[in-house]
Amino acid sequence: MPLSREKLLSMLRQMHLIRAFEEAAEQQYFAGKVHGTMHLYIGEEAVAVGCIAALEPRDQITSTHRGHGHAIAKGQAVREMMAELLAKRTGVCRGLGGSMHMADVELGNLGANGIVAGGMGSAVGAALSAHLLKTGRVVMCFFGDGAANNGNFHETLNLASIWKLPVVFVCENNQYAMSMPAREAIPVRVADRAAAYAMPGVRVDGMDVLAVYAEAKRAVDRARAGQGPSLIEVLTYRYRGHSRSDKQVYRTKQEVKEWQERDPIARFEAWLIENGLIGREQADAIRQEVLRAIEEAVAFADASPEPDPATLLDEVYYEEPANRTDRALRGITLQPPAPFNGRPLPTWFTHTFAQHAGSEPPPGTRELTGSEALREAMAQAMEAAPNVILIGEDIGKYGGAFGVTLGLYDRFGPERVRDTPISENAIAGVSFGASMTGLVPIAEFQFQDFVTLAMEQIVLQAAKVRYMFGGRTICQMVIRLPAGSGTGAAAQHSESLESWFVNVPGLKVVAPSTPYDMKGLLLAAIADQNPIIFVEHKLLYKAKGPVPELPYIVPIGKAVVRREGRHLTIVGASIAVPRALGAAENLAGEGIECEVIDLRTLKPYDLHTIVQSVKKTGRLLIAHEAPLIGGYGGEIAAAVAQSEAFAYLEAPIVRLGGADAPMPYNRTMERAATPQVEDIVEAARRLVRLQV
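Residues numbered from 1 in each chain as written. Predicted model: local features only at pLDDT ≥ 70, side-chain atom pairs only at ≥ 80, totals over all residues. Heavy atoms only, no water.

(A) Layout of the overall build of the chain. Summing up its helical and strand segments, the chain has 24 helices and 21 strands in all. Taking 2.2 N^0.38 as the reference for a compact globule, 692 residues should give roughly 26 Å; the C-alpha atoms of the chain span a radius of gyration of 28 Å, in line with that estimate. Considering only C-alpha atoms, the chain reaches an extent of 95 × 55 × 50 Å along its principal axes. Here the chain holds 692 residues, and 60% of them are scored as buried. Within the chain, residue pairs in contact and separated by at least 24 positions form 80% of the contacts whose partners lie at least 6 positions apart. Only carbon and sulfur atoms are counted for the fraction: they give 53% of the accessible area of the chain, which is about 26200 Å². Across the chain, the 70 positively charged side chains and the 78 negatively charged ones have centroids separated by 1 Å. (Helix = DSSP H or I, 4+ residues; strand = E, 2+ residues; numbered from the N terminus. Rg over C-alpha atoms; globule rule 2.2 N^0.38 Å. Buried < 20%, exposed > 50% of the residue type's maximum accessible area, 1.4 Å probe, protein only. Contact = heavy atoms within 4.5 Å. Areas by Shrake-Rupley, 256 points an atom, 1.4 Å probe, with all protein chains shown as cover. Lys, Arg positive; Asp, Glu negative; His and termini not counted. Charge placed at Lys NZ, Arg CZ, Asp CG, Glu CD.)

What follows is the structure, given as structure tokens:
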């Protein structure tokens, strides 16, 4: 075994430390100090220690809900980990993550995960970063036997294989996915599934730390040499239940006893003694040293303060340092937020573009279509920043479903314009992992409808990661979604789902209406160090408008008044804006002057501009193509009703939205399903005449 005595003793100490930490955590749970539940790693210590011993300090891991052992083996401090279990401010995630979300990105632990197979996409994304940035890192992805039946498993193994990424997949087969035996859930060995993805697959005794290390070292060396991923299935056993609430009715005490007789710590310690590498006294001394460290960790956690509720929302979004006191993202406020004027440009933008046109420059006379504006924004970002990449289905030579990325493949090559298989959740997950590890991915989905296949990675991972990890990471990524009706694509290719994402803390939602804003907002979204949902209405791809040549940004969260008026305020975004402007033009002939506000971003949105307009006009009409029920128009109406503008209202607030029906194929029915110019004209006319 090519391991030094010092390394072997360190591995023994880590195994003892994991066992002692878990036993102490269990005691804290029974003492009522742990809020919620936990998933203990007792019995599986050889897996984490053996695998991670094969890594270098620069390498990275992704973990699972049973992740304490991985964190300790990667070198995280047990003091901060115990404080996290006790929900203290000094915890590794500041008391915001808890047992299932132990992470230390700087140390290389990209996070434990409460979702089965949830970390597999981010592992492949981190491996993609290692490949493109040439860091020499290897990523090790831990998951359980239950995850081997999840779509993430198949999507990510396939993607890692075709791209030959430096990732090692480690299946901790502890015989049960909660209560279902692996033998009943999987018709083959997990390791055998590697063959389907053209990678090595091996099964190893997970109660033997040296056997685990040997297989892990082979896989790590192979990955580092550029030979691609491997799959290791490690047979192990958890001595405790799935979680602390598990009554373990699905297995016998005899079965547990038989596995305990093969205990990995006792087995390794005995091997060290038999081979003269350690004496009994030294083995006892290591155990005593570990117990003292755990006692000190518990004392530290007990003495630590809890988080201050005043900081509840501080780490939901990354904000530029100058904006840390801006609470526009806190949701509904009785007072409208301060004007958005004077905000500094994003640091990423100013660092990336040494010479730029700044924020909202004059539009000039050059005209582009919406597609051309988006393409130019991506090209300028990729030209200036080598870490910006595109990822999605058919975005390469084909140019994307709507031709938006046409020509970028020839200009930047297949490494940076990465065509993917039809694997939406993997696209989102890989983008998420890449965004935490040095890349700035722009992911394209062929249609917004298809984002439903990626909600887990977007909503449960990317949106929450900064908060779960106590603000210790960022997620700089953009997800481009062609949306809306008008193309005859019927129910599964015509949805407007942006209201869903408005309801997800941690996401920002952008919906431009002009080519000028498409370029400026996309550059702002790329520069923003938060996950961005970028909604592109398909009917606006061919719309023309003036667009400056130099890079510039349109600030996220700042609305614009597209037309001045005094009788009525119309608020919309995306396709609703040109329709509202068309309606306003028609109404002007009747003597009704409408003020049209383009939100441009739905989250955060510019309540201040809306309030000031309503105070002037006394009337408010909100239009959007997304379904009326649950649409973001309801949020705006409620916020205005809670603001100072309420006293100025001369009529009820009116909302126009999509019908509560899937999008029909018939052209006439399709138009009837969403607010058109004539619908806005009629609603505005009735509102001004108090015929609501």
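Now that the structure is up, let's keep going.
(B) Molecular detail of the sheet that holds strand β6 (residues 201-205). The strand order across the open sheet formed by five strands is β1-β2-β3-β7-β6, and the pairing between neighbours is parallel. Among the strands making up the open sheet, the edge pair consists of β1 (60-62) and β6. Going from strand to strand, the sheet's axes swing by 20° on average, the running direction of each strand aside. Relative to strand β7 (residues 230-235), β6 runs parallel, the two sharing five bridges. Residue pairing for β7: Arg 203 is matched across the bridge by Glu 233. Sheet strands in contact with helix α6 (residues 151-162) are β2 (139-144), β3 (167-173) and β7, and its direction is about 150° off that of β3. (Pairing = 2+ DSSP bridges. Axes fitted to C-alpha atoms, helices over the stretch in contact; angles between N-to-C directions.)

(C) Just unusual backbone geometry, in detail. The linkage connecting Lys 603 with the following residue, Pro 604, adopts the cis geometry, with an omega of 0°. The phi angle at Gln 248 is positive, at roughly 55°, despite the residue not being glycine. Along the chain, the position of Gln 248 falls in the loop between β7 and α9 (253-260). Judged by its relative accessible area of 25%, Gln 248 falls in the partly exposed class. For Arg 600, which is not glycine, the phi torsion reads 70° and is therefore positive.

(D) Inspection of the nonpolar core at higher detail. Ranked by internal contacts, the top residues of the largest apolar core, which has 157 residues, are Met 140, Phe 169 and Ile 458. Sequence-distant contacts of Ile 458, defined by excluding residues within four places in its chain, comprise Ala 428, Val 451, Ala 463, Ile 479, Phe 501, Leu 507 and Ile 533. Counting residues in hydrophobic clusters, the runner-up holds 43 residues, among them Ala 379, Phe 412, Ala 527 and Leu 540. (Core = buried A, V, L, I, M, F, W, Y, C linked by side-chain atoms within 4.5 Å.)

(E) Spatial organisation of the pattern of salt bridges. Inspection of the entire model under this criterion finds 46 salt bridges. Two residues, Glu 215 and Arg 218, come together in a salt bridge whose shortest N-O distance is 2.9 Å. Of this pair, Glu 215 and Arg 218 are both found in helix α8 (residues 209-224), three residues apart, which corresponds to roughly one turn of the helix. Judged by its relative accessible area of 19%, Glu 215 is buried. Salt bridges sharing partners connect three or more residues here, namely Glu 360, Asp 517, Lys 558, Arg 562, Asp 598 and Arg 600. (Salt bridge = Lys/Arg side-chain N within 4 Å of Asp/Glu carboxyl O.)

(F) A look at the sheet that holds strand β9 (residues 388-392). Taken in spatial order, the seven strands of this open sheet run β10-β9-β11-β12-β14-β13-β19, and their pairing is mixed. Each edge of the open sheet carries a strand with a single partner, namely β10 (417-419) and β19 (601-603). The mean angle between the axes of side-by-side strands here comes to 20°, regardless of whether they run parallel or antiparallel. Pairing of strand β12 (residues 477-483) with strand β14 (residues 531-537) involves seven bridges; the strand directions are parallel. Bridge pairing links Ala 483 to His 537 in β14.

(G) Fine view of helix α21 (residues 607-617). Three or more residues of α21 are buried, namely Leu 607, Thr 609, Ile 610, Val 611, Ser 613, Val 614 and Thr 617. Those residues of α21 that are buried are in contact with β16 (560-563), β17 (568-572), β18 (594-598), β20 (620-627) and α22 (632-641).

(H) Spatial organisation of helix α13 (residues 370-384). Between the first and last C-alpha of α13 there are 21 Å, a value that for 15 residues agrees with the 21 Å anticipated at 1.5 Å per step. Counted residue by residue, α13 has eleven buried out of 15 residues, so it is predominantly covered. Three or more residues of α13 are buried, namely Gly 370, Ser 371, Ala 373, Leu 374, Glu 376, Ala 377, Met 378, Ala 379, Gln 380, Ala 381 and Met 382. (Expected span 1.5 Å × (residues − 1).)

(I) Summary view of the side chain of Asn 425. With respect to the element layout, Asn 425 can be found in helix α15 (residues 424-436). Within polar-contact distance, the side chain of Asn 425 engages the side chain of Glu 456 at 2.9 Å. Contacts of Asn 425, omitting those with residues within four sequence positions, involve Asn 152, Glu 155, Leu 453, Ala 454, Met 455, Glu 456 and Gln 457. (Polar contact = N/O pair within 3.5 Å; in protein donor to acceptor, adjacent residues only side chain to side chain.)

(J) Summary view of the state of the cysteines. One pass over the structure, following the stated rule, counts zero disulfides. Left unpaired, Cys 141 is separated from the closest cysteine sulfur, that of Cys 171, by 10 Å. Among the residues examined, Cys 171 registers a relative accessible area of 0% and is labelled buried. (Disulfide = S-S within 2.5 Å.)

Honestly, it's all geometry; don't read function into it.
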